[in-house]
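# Residue-level structure breakdown
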Amino acid sequence: MTAALDSGPAWQATGPDAVLTALAGAPVGQVRFAELPEGTAAVVKPASADDLQRLVSLAQRARGRVLVGPPRLGFVALDLSELDQIERPDEKTCLVQAGSGALLEAVEARAIQAGLTLGPLLPGYRAKRVGGWLAGPTRGERTIPPGRLETAAIALEAVLWDASLYRSKQTPRSATGPDLDHLLLGGEGRFGIVTRATLRLFPRALVEAAAARSVASLKEAIEACHEAAKAGLPPAEARWDRVRGTVEARFTGMGAAARARRFGGQEIGGRKVRAHLEVAGSWRAWHAASPLRPEAFELVALHADGAFGALELVDPAEAERASEHARAIGFAVVSPGRLRPDPAVGWTGAALPLYRELARLADPSGVFAR
Amino acid sequence: MRPAELESLRRDLERISGIRNVALSAPTRALYGRDLYPKAQVWQRRGEVRYAPDVVVWPGTVDEVQRIVRYARARHLPLTPFGAGSSVVAGAMPLRAGITVDLKRMGRLLSVDLASRRAVVQAGMVGQRLEDELMRSYATLGHFPSSIYCSTVGGWVAARSAGQLSSHYGKIEDMLLGLTAVTGTGDELRVGPERSPGPDLLQLLCGSEGTLAVITDATLSIHPLPTARAMRGFRMRSVAAGVEALRLVFRAGLRPQVLRLYDPLDSLSAGSERQGREERPPRLVAQALGRAASKSLGYALFSPALVNRALDLVPPRSLLVVSFEGDSRATCEEELHAAMDILREGGTDLGEGPARRWYLRRHSQSYKQSAVFAARAWVDTMEVAATWDRVLSVFEAVRRAVYREAMVLCHFSHAYLEGCSLYFTFIGPAPTVQKGEEDYDRAWRAGMQAAQEAGATLSHHHGVGATKARRLPDELGDAGMRLLRLVKRTFDPDGILNPGKLLA
């Protein structure tokens, strides 16, 4: 715990500008939920899972509430950036353990040193932390050969509402009942706060190949990506550029050259761009994406049913309009704006009421902010 | 249950599903009182009926399932969903009697969408029938468990099944895009196939073993039917060399449909072949092991420890089978040659023979259990999984733990970038039923404990059922068990669904 709360004058401040970060090194016991004055926002930086357990325990006793994310009045916001330890990646199992506060860029840097990589990420996630990536709407999913989706987390550690520590087993797959990790993945902290994860890495492009195909329109570019995914040969990432009039596909792993040849076009280099609208959607949604008027797109996690993608818009001010339109045609908008896991798509019948009931039971005293 | 109550139960269920779709006869109840749990087969041979439902009902629609569940809930009757009864962990046995709901009347392929590569299948459809029907559309699910003739889609999803080609197509949870299910309150819920942001409810229901909801249909990803295949067998220098080869093949980015390694004893059982000729192990060992597969199994197994020791006389060579399937012979060959470059480092190329032989016999092993039981022996399998750094320690630990009680065979399959599954087969003597059961229980406990302590998961694809439920807390920990109970309470507040499974 490097920053904690006290009942000093700072408590009287209001608004997120008055975030309480004084008292470096103060013990968790000084966080006085019961004394948190109305209109106060506070930030706490736990330095370990143990710290967080004690904090949640305190919150529970004092009917306090914590949240992961930007400070809000009346809550204790958790800044997990101190939980940023990254173990040495294991070259044999292609796994790395990282704290939820570790930056994905830092994890990637460590992975690269071991000849491994996290794989393609949406641009907006490259600067995010492990916890936010996994608990966020995309659940840390990526494409694995031959075109399946898989979360990057093979095992999780999390603090639950009752301050207990949940740890799942590190195993490639199992059949030991429901996969409870999936309450935390994409759960946005409703069912517990992820403190540590074991992440799957990929061997870093032993063989990498890229191909660019000329296309006349966005429609044709999407068609090319869809066809590759349908054929079970999805590229690791794909990028369309209106100005160049090309769709570029990057393939990694054994057989990458052959897959690139099947995609067609010439071998090329790539470039990264800033994205203004990040979405997840079915191919049906992608085929209807023209009215969003993107200048370029970048797709990752291509699979038979769809892909995650970043749309580069000509005018950043267009983002809000494009975002609304994207929702209307069936995209889940990852960024800008937070996705709520109360889905308009995918769940019908008793699914949503059951999920809400589950969330209520998982946190009966409402420690974790919704 | 008293006769008058049974009669009332029959009448009520007949009103829901029709007079022809409800049964209370003793033979039917006895039949539905067991699955492929090995001890249940021993009990059956003795004419012993330890468990039986009060009634069996065959619903034909989701609405009927809902009404049956609501009926059971109102009367606090246990309800056991039943597919084809292939569980080897007593997952489909009605431990507390009540109503068994057989879903096989809901056994149709509802739709095939080749453009989106999806199929919607009712839960009661038997696996091979599904493949046969998909084949008419030149498609495949790519899911080929050895129980494919006696297991259903609902059972696969409920138990997180894996097929023999899972290294390429994935396990059933990787193929699952959506499902419909009826919860313990009788409510219907649908998840997918469109992917929603946030928690993945599919992954909560998948593997729930009928304890959270009765699955009524599933949307699964399908693939074009492969038209070409390239395959090979290798004799690996040792189990360790073979395991390392599996890892390196995956590390290289290759995803063969078949990639299986057999330990020396299982290699003999699987059989290897070089250009049509059988490879023969040393004669004495071959005789002993030959008997192990014959009617005199009980004699051959008079001392499992001795047989296991005989294994040390077998050259420590392990058979490895690899196969690539696809739409072009050239592509399959290209990938196979890339794999062969890796495999040659640790073994010797045996040509296509062993792989061809494996394809021919791939579904035959599951149906040999009866012969083993008839030969005054017992047999069971234990499938676990571990990351590559732990695979060999799990292998050795389990062999050591079960050394005295049973002959131990193992193959390594269902590989991933991070690790693979270890599939153990235990064969032990049962000079008397009681002795057989005692040894069986001891071997099972010792094997399971050794595997978990060495870092393996409790189950890779058979599920937990009733037999592994007591070990589940070691797998999930206290917090995990609390979460699981909470999920159970949400989906099945009265605890009527498949009691005694998962949560002992």
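Rules and cut-offs
Residues numbered from 1 in each chain as written. Chains lettered and ligands numbered in written order. Predicted model: local features only at pLDDT ≥ 70, side-chain atom pairs only at ≥ 80, totals over all residues. Pairing = 2+ DSSP bridges. Helix = DSSP H or I, 4+ residues; strand = E, 2+ residues; numbered from the N terminus. Axes fitted to C-alpha atoms, helices over the stretch in contact; angles between N-to-C directions. Buried ≥ 20, exposed ≤ 12 C-beta atoms within 10 Å, placed from the backbone. Expected span 1.5 Å × (residues − 1). Contact = placed C-beta atoms within 7 Å. Nonpolar A, V, L, I, M, F, W, Y, C, P; charged D, E, K, R; others polar. Domains from an automatic or database assignment.

## Examining the sheet that holds strand 1 (residues 42–44) of chain A
All names here are of chain A. With parallel pairing, 3 strands are arranged side by side in an open sheet as 1-3-2. Each of the sheet's edge strands pairs with one partner strand only, and the pair in question is strand 1 and strand 2 (66–68). Averaged over all pairs of adjacent strands, the angle between strand axes in this sheet comes to 35 degrees, irrespective of strand direction. Direction of pairing for strand 1 relative to strand 3 (residues 76–78): parallel, over a ladder of 3 bridges. Note on strand 3: the bridge partner recorded for V43 is A77.

## A word on the pairing of strand 4 (residues 99–102) of chain B
Here is the key point about a regular strand: its side chains alternate between the two faces of the sheet. All names here are of chain B. A two-sided burial pattern is seen for strand 4, the buried positions comprising I99 and V101 on one face and T100 and D102 on the other. As paired elements, strand 2 (residues 55–57) and strand 4 share 3 bridges and run parallel to each other. If you follow V55 over to strand 4, its bridge partner there is I99. The pairing of strand 3 (residues 79–82) with strand 4 spans 4 bridges and is classified as parallel. Paired with T80 across the two strands is T100, which belongs to strand 4.

## A few points about helix 5 (residues 218–230) of chain A
Residue and element names in this part refer to chain A. Compared with the 18 Å implied by 1.5 Å per residue over 13 residues, the 18 Å span of helix 5 between its first and last C-alpha is a close match. For helix 5, the complete set of buried residues consists of L218, A221, I222, A224, C225, H226, A228 and A229. At the exit of helix 5 stands G232, carrying a positive phi of roughly 75 degrees.

## A look at the environment of B:Q128
Residue and element names in this part refer to chain B. Secondary-structure assignment places Q128 in helix 5 (residues 127–136). You can call Q128 partly exposed: it has 15 C-beta atoms within 10 Å. With 15 residues separating them in the primary sequence, Q128 and H143 have C-alpha atoms 9.6 Å apart. Beyond its immediate sequence surroundings of up to four residues, Q128 is in contact with I148 and Y149.

## Notes on the sheet that holds strand 12 (residues 228–236) of chain B
All names here are of chain B. Spatially, 7 strands are ordered 17-12-16-13-19-20-18 in an open sheet, and the strand pairing comes out antiparallel. One side of each edge strand has no neighbouring strand; the edge strands of this open sheet are strand 17 (347–351) and strand 18 (377–387). Across this sheet, the average inter-strand angle for adjacent strands is 20 degrees, counted without regard to direction. When strand 12 meets strand 17, the two strands line up antiparallel, connected through 4 bridges. Along strand 17, the bridge assignment pairs F234 with D349. Relative to the sheet, helix 10 (residues 239–251) contacts strand 12, strand 13 (258–262), strand 16 (318–326), strand 17, strand 19 (407–413) and strand 20 (419–429), its axis offset from that of strand 13 by approximately 165 degrees. Along the sheet, helix 15 (residues 329–343) makes contact with strand 12, strand 16 and strand 17, crossing strand 12 at roughly 15 degrees.

## Side note on the interface of chain A and chain B
Listed per partner, the contact involves 64 residues of chain A and 74 residues of chain B. For the side of chain A that touches chain B, the secondary structure elements donating two or more residues are strand 9 (165–167), helix 4 (181–184), strand 15 (277–282), strand 19 (347–349) and helix 9 (351–362) of chain A. With 7 residues, the single largest contributor to the side of chain A that touches chain B is helix 9 of chain A. In the side of chain A that touches chain B, the residues fall into 34 nonpolar, 18 polar and 12 charged.

## Details of the domain arrangement of chain B
Residues and elements named next belong to chain B. The domain architecture assigned to chain B consists of domain 1 (3–102), domain 2 (109–224) and domain 3 (239–453). Counting residues at the interface gives 14 residues for domain 1, matched by 19 residues for domain 2. Contributing elements (two or more residues each) for the side of domain 1 that touches domain 2: helix 4 (62–74) and strand 3. Element by element, the count of residues in the side of domain 1 that touches domain 2 is highest for helix 4, at 6 residues. Split into classes, the residues belonging to the side of domain 1 that touches domain 2 amount to 6 nonpolar, 6 polar and 2 charged.

## Considerations on unusual backbone geometry
In this chain, B:G192 is followed by B:P193 through a cis amide linkage whose omega measures 5 degrees. Mapped onto the secondary structure, B:P193 falls in the loop between strand 9 (188–191) and helix 9 (202–205). In this model, A:C94 sits at a positive phi of 55 degrees, which is unusual for a non-glycine residue. Within the secondary structure, A:C94 sits in the loop between strand 3 and strand 4 (95–99). A:C94 gets classed as buried once you count the C-beta atoms within 10 Å, which come to 27. The phi torsion at A:R139 lies on the positive side, around 60 degrees, for a residue other than glycine. Tracing the sequence through the fold places A:R139 in the loop between helix 3 (130–135) and strand 6 (141–144).

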